[in-house]
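Letter by letter, the chains look like this.
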Amino acid sequence: LAHKVKCIYCHRTFDRDKYSFVQVSPRRYAHTECASKEQSRLKQEEADKIALEEYIIKLLGDDFITPRVRKQINTYIEQYQYTYSGIRKALVYFYEIKGNSTEKANGGIGIVPYVYKDAFNYYYSIWEANQKNQNKDVQKFVSKEKVIKIEPPKRNLRKRRLFAFLDEEEAEGGE
C-alpha cells in the first residue's frame, strides 16, 4: 500500500513510506529538504523585514513604523512582488547613493516604485562586475604612476611706449 502525497512546496508527488517527509499541517506534507529550504527562506525574509523597518525608522527619524508606511510596504509586496530587501536597497539607492533629501518624503516611502528598477539595475551592475572580476588579481591591474610635467604658460609682455608730452606737442604743431 503506497501513501502517495504531494509536496506543498515543490508540488511533486512522492511516497511517504519511501522518502523522508514533514507533516506541515493535517493532511499536508512536504519533503524534508523542501521544508528546510522554506524555513530558511522565511527566516531570511523575516531578517530582511527587520532590516527594512530599522532602516526606515533611521531614515525618517521616527520611533516606529507608521501605519501609512506599513501599508505602503504591504502594497509593494502584494501588488508589485517587491521583496523587503529590494525595497530597502531602493531606499538606500535613492537617499544615500543618489543623495536625495527626505524632506519631500512626507513621512512615507512612496518613491520606491519610481526608483526600484533603477536601483535594481545599479545593484545588478555591481554584482555583474564582481562576478567578472572575482578571479582576477587586482595587484596586476594597478597602473603605474606617471608624472607629467606641464610648463607654465609664457606670458607675452608688450613693451609699453613711454608717453612723452614733447612727442604730443610736436605732432600737434606739425599739422
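To be clear, the structure that these remarks concern was listed above.
Just so we're clear, the structure is a prediction, and the values are computed from it rather than from any experiment.

Undergrad: Honestly, the nonpolar core in this entry has me stumped. Any pointers?
TA: Soluble, globular proteins show a tendency: their nonpolar side chains are buried together. Counting residues in each nonpolar core, the largest one holds 24 residues, and the members touching the most others are Ile56, Ile73, Ile87, Leu91, Ile109 and Val112. Elements with a minimum of two residues in this core: helix H1 (32–60), helix H2 (67–79), helix H3 (84–97) and helix H4 (112–132). Looking at which element gives the most residues to this core, the answer is H3, with 8 residues. Here Ile56 is in contact with Gly61, Ile65, Val69, Ile73, Leu91 and Ile109, once residues within four sequence places are set aside. One finds Val5, Cys7, Ala30 and Cys34 within the second-largest nonpolar core, a separate group that totals 7 residues.

Undergrad: Where do I start with a nonpolar patch on the surface in this structure?
TA: The grouping of Phe120, Tyr124 and Trp127 at the surface amounts to a nonpolar patch, some 340 Å² of accessible area in total. As for its position among the elements, Phe120 is in helix H4. You can call Phe120 partly exposed: its relative accessible area is 45%.

Undergrad: In this structure, what is going on with the packing of aromatic side chains? I would like to understand it.
TA: A complete count under the given rule lists 11 aromatic pairs for this structure. Ring plane angle 35 degrees and centroid distance 6.0 Å describe the contact between Tyr76 and Tyr80, whose orientation is recorded as tilted. A centroid spacing of 6.0 Å and a plane angle of 10 degrees characterise the contact between Phe120 and Tyr124, whose relative ring orientation is stacked. Of this pair, Phe120 and Tyr124 both sit in helix H4, 4 residues apart, roughly one helical turn. Taken together, the ring pairs in this structure connect Tyr76, Tyr80, Tyr82 and Tyr116 into an aromatic cluster. Sitting over the face of the ring of Tyr123, Lys89 holds its NZ or CZ atom 5.6 Å from the ring centroid.

Cut-offs and rules
- Residues numbered from 1 in each chain as written.
- Predicted model: local features only at pLDDT ≥ 70, side-chain atom pairs only at ≥ 80, totals over all residues.
- Heavy atoms only, no water.
- Core = buried A, V, L, I, M, F, W, Y, C linked by side-chain atoms within 4.5 Å.
- Buried < 20%, exposed > 50% of the residue type's maximum accessible area, 1.4 Å probe, protein only.
- Helix = DSSP H or I, 4+ residues; strand = E, 2+ residues; numbered from the N terminus.
- Contact = heavy atoms within 4.5 Å.
- Patch = residues over 30% accessible without salt bridge, like charges linked within 9 Å, V, L, I, M, F, W, Y side chains within 5 Å.
- Areas by Shrake-Rupley, 256 points an atom, 1.4 Å probe, with all protein chains shown as cover.
- Salt bridge = Lys/Arg side-chain N within 4 Å of Asp/Glu carboxyl O.
- Phe/Tyr/Trp six-rings, centres within 6.5 Å; stacked < 30°, edge-to-face > 60°.
- Lys NZ or Arg CZ within 6 Å of the ring centre and 35° of its normal.

The analysis is restricted to geometry; functional conclusions fall outside its scope.
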